[in-house]
Each structure stands twice: as structure tokens, then as C-alpha cells.
Amino acid sequence: MEHESGTASGSASGAVVRPLVRGRRDGDLEDCVRALAEVHRRDGYPVNWPAEPAAWLSPPSLLAAWVAELDGRVVGHIGLCGSGPGDAAPALWGSRQGGEGGATAVVSRLFVAPVARGQGIGALLVRGAVQDARGRALQPVLDVVASDAAALALYERLGWEALGTVEQRWGPGQTVAVRCFAAPPSASLD
Ligand SMILES: CC(C)(COP(=O)(O)OP(=O)(O)OC[C@H]1O[C@@H](n2cnc3c(N)ncnc32)[C@H](O)[C@@H]1OP(=O)(O)O)[C@@H](O)C(=O)NCCC(=O)NCCS
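Read on for an overview of the structure. (Residues numbered from 1 in each chain as written. Predicted model: local features only at pLDDT ≥ 70, side-chain atom pairs only at ≥ 80, totals over all residues. Heavy atoms only, no water.)

**Quick look at the site of the ligand**
Move 1: Taken together, 22 residues lie around the ligand, and L110, V112, G120, G122 and A123 are the ones closest in.
Move 2: A distance of 2.8 Å separates an oxygen atom of the ligand from a polar backbone atom of V112.
Move 3: Within the contact set of the ligand, an oxygen atom lies 3.4 Å away from a side-chain nitrogen or oxygen of R117.
Move 4: Taking 930 Å² as the accessible area of the ligand by itself, protein coverage stands at 72%. (Near = heavy atom within 4 Å. Polar contact = N/O pair within 3.5 Å; in protein donor to acceptor, adjacent residues only side chain to side chain. Areas by Shrake-Rupley, 256 points an atom, 1.4 Å probe, with all protein chains shown as cover.)

This is the structure we're talking about:
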């Protein structure tokens, strides 16, 4: 996946710039962690700051990851993971389909740096990850912390279907409500 789209915006030089989404390279991780730290400070995502943020961006189940660049700067990130036995959204999708829903992939690690928001970059990243999952014959699903209002609005805007809400225990005394979603059929993506 490498394409330009999203809303054009002005650069420092006054030229019109459009976001570019491309596959993540090892050399991007430092910039991704820097942007993630800003997102964590501002939005509390991720809820618990990981001890090794670069490793958190590359979980063992990762199938692929992409970054969004704006004016040559990494400003956004998304990953696609294989689903595991304990994952909430794949389980809800499976039970809803009565075991006939096929394999799933979990869209995860989505964030856009505060400076680059509201330009369609989050939507661009999600659409690309969905397209990739479909290409692997996997149904895209995801879970999102119920208080992440912007992310919820984004998934609803893109037509994702709510599968249910699950309470998860993330640590001693920490229970988090997560909402699970499934991507709409590809025909209704645009
Ligand atoms: C969620 C997030 C990725 C959205 O990124 P973004 O690039 O600003 O989103 P987009 O510009 O593509 O928005 C697309 C649509 O989503 C909705 N949306 C996005 N942010 C919104 C907000 N703050 N309030 C209301 N709706 C919002 C809108 O419908 C928007 O379409 P519109 O601009 O035509 O109205 C970004 O806010 C973020 O990084 N949040 C913190 C991290 C996070 O919660 N990640 C999700 C983990 S599951």
C-alpha cells in the first residue's frame, strides 16, 4: 500500500502537501515512538505507556504496519495483526457468524500526531489496512477503548459495525471497557 490521498494542506513553504501512506520501515520506529508519546500525553493512548514502545508497535502477531507522512514527516501509524485466542473482537465476530465468518485480522496501533489531525489521515490509514486484510482474505476487526471518542467517531464514520462492548482486566485494579467493531463489506467502504 502506497498512495496519496486525504485532504491537501499547506506546507511551511506554502506548497500544497498531501499525506502519503507507505509501508513502515525499521528506520521509522523512532519517529513513530516520538509521535506516539505525544498522543499518549494528549489523549491517553495507549492507556498504559509501554516499557518498550518500539516493541509495542511490533507485536509478535503483526502482519504489516504502515506510516503516514506529511511533508516528509511521519505523522501517523497503523498495524494489522493476526488474531489470537484471547482477542475480544475476533471472538465476538466469530460468535456472531456462528463459526462461519472466516479468519480475522485485527487493526491496531492506530494514531495520528495531534498536529496532523482532521485531514483524513486516520481514515486513509484505516482504509489501507482494511484493503490489505481483504487481500489476505481476512475480515478486519478491532477493539477500541470506550472513552476514545475521536477513534469511535472515525470508525462509525467509516461504517464499521459495532459487535459489542467487553470489560477487560488490564492490571490490578484496572478494568477497561473496550468496544469491538467489524469493517463493513468492501462494497460499502467508500
Ligand atoms: C482517532 C484518530 C486516529 C483520528 O485521526 P484523524 O487523522 O484526525 O482522523 P480523520 O481526519 O481521518 O477523521 C475522519 C473522520 O473521523 C471522525 N473524527 C475524527 N476525529 C474526530 C473528532 N475528534 N471528533 C469527532 N469526529 C472525529 C470524523 O467523522 C472525520 O470525518 P470528517 O472530518 O469528514 O468529519 C486520532 O484522533 C488519534 O490518533 N487519536 C488518539 C489515538 C487513538 O485513540 N487511537 C485509536 C486506537 S483504537
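**A few points about the pairing of strand β7 (residues 104-112)**
Move 1: Most of β7 is tucked away: nine of the nine residues are buried.
Move 2: Note that strand β6 (residues 73-82) and β7 share six bridges and pair antiparallel. When the sheet's bridge partners are listed, C81 is paired in β7 with V106.
Move 3: Note that β7 and strand β8 (residues 139-145) share three bridges and pair parallel. Residue pairing in the sheet places V106 in a bridge with V141 of β8. (Buried < 20%, exposed > 50% of the residue type's maximum accessible area, 1.4 Å probe, protein only. Helix = DSSP H or I, 4+ residues; strand = E, 2+ residues; numbered from the N terminus. Pairing = 2+ DSSP bridges.)

**Considering the nonpolar core**
Move 1: One finds L57, I78, I121, L125, V126, Y155 and W160 to be the most contacted residues of the largest nonpolar core, which totals 44 residues.
Move 2: Every element with two or more residues in this core is listed here: α1 (29-43), β5 (62-70), β6, β7, α4 (121-135), β8 and α5 (149-157).
Move 3: The element best represented in this core is α4, accounting for eight residues.
Move 4: In this structure, L57 is in contact with R24, L29, C32, V33, L36, L62, H77, R109 and F111, ignoring residues within four places of it in sequence.
Move 5: Ranked by size, the runner-up nonpolar core spans nine residues in total, among them V106, L163, C180 and A182. (Core = buried A, V, L, I, M, F, W, Y, C linked by side-chain atoms within 4.5 Å. Contact = heavy atoms within 4.5 Å.)

**Observations concerning the pattern of salt bridges**
Move 1: One pass over the structure, following the stated rule, counts nine salt bridges.
Move 2: The salt bridge involving E30 is made with R34; its shortest N-O contact spans 3.3 Å. Note that E30 and R34 are positioned in helix α1 at a spacing of four residues, about one turn of the helix.
Move 3: The exposed category is assigned to E30, whose relative accessible area is 58%.
Move 4: One continuous salt-bridge network, built from bridges that share partners, spans R22, D28 and E69. (Salt bridge = Lys/Arg side-chain N within 4 Å of Asp/Glu carboxyl O.)

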